[in-house]
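# Secondary and tertiary structure notes
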Amino acid sequence: MKAGKIASRIAAHALDAAMGQPEARPWGDTLSKARFELRSEDQANLDHDPNTARAFRHETLRAQPAKTAHLCSLCGPRFCSMRISQDVRDHADAHGVGVDPAIELGLREKAAEPVEGGAQHYRRP
């Protein structure tokens, strides 16, 4: 029953946002900003059911340090798109280039890593 209520709230919000209802935008924008800035506690507080959101996060990220880490539980600690996006911006700033050239440079550097590592397909971390 609880899951159905949460699902209906999410669906109603999605519909409001899709229909351009002005009251839907501020909440969605605030939640997106909290997710982008990896503020997990704010994400939970903005959720339709904060207690369930926290429980899911703690279940997904079992190790104590992960519970307060700057990442979300969607992709986990090894691949967090929000963290990677911030890393790209930091890399661009450090090299004095725009984000697009930094992405191109980063892709070239990543493509060279397997060759430099002996061109093995599977390596242990």
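As shown above, the structure is provided for reference.
So, a few notes on the structure that sits alongside this text.

### Focus on helix α2 (residues 24-36)
Over its 13 residues, α2 runs 18 Å from end to end, which matches the ideal 18 Å to within 8%, given 1.5 Å per residue. Turning to α2, its buried residues number three or more, namely A24, G28, L31 and A34. Buried residues of α2 fall within an arc of 125 degrees about the axis and therefore sit on the same side. Buried positions along α2 lie against α1 (2-18) and α3 (40-46). Immediately downstream of α2, the backbone of L38 shows phi near 60 degrees, a positive value.

### Some details on the pattern of salt bridges
When their charged atoms lie close together, side chains carrying opposite charge are able to pair. Scanning all chains against the criterion turns up 7 salt bridges. Residue D42 pairs with R39 through a salt bridge whose shortest N-O separation is 2.4 Å. The residue E104 makes a salt bridge to R108 at a minimum N-O spacing of 3.1 Å. With E104 and R108 both in helix α7 (residues 99-116) and 4 residues apart, this pair spans about one turn of that helix. When salt bridges that share partners are traced, they join K33, E37, R39 and D42 into one network.

Each value, and the rule that gives it
- Residues numbered from 1 in each chain as written.
- Predicted model: local features only at pLDDT ≥ 70, side-chain atom pairs only at ≥ 80, totals over all residues.
- Heavy atoms only, no water.
- Helix = DSSP H or I, 4+ residues; strand = E, 2+ residues; numbered from the N terminus.
- Expected span 1.5 Å × (residues − 1).
- Buried < 20%, exposed > 50% of the residue type's maximum accessible area, 1.4 Å probe, protein only.
- Arc of directions from axis to C-beta.
- Contact = heavy atoms within 4.5 Å.
- Salt bridge = Lys/Arg side-chain N within 4 Å of Asp/Glu carboxyl O.

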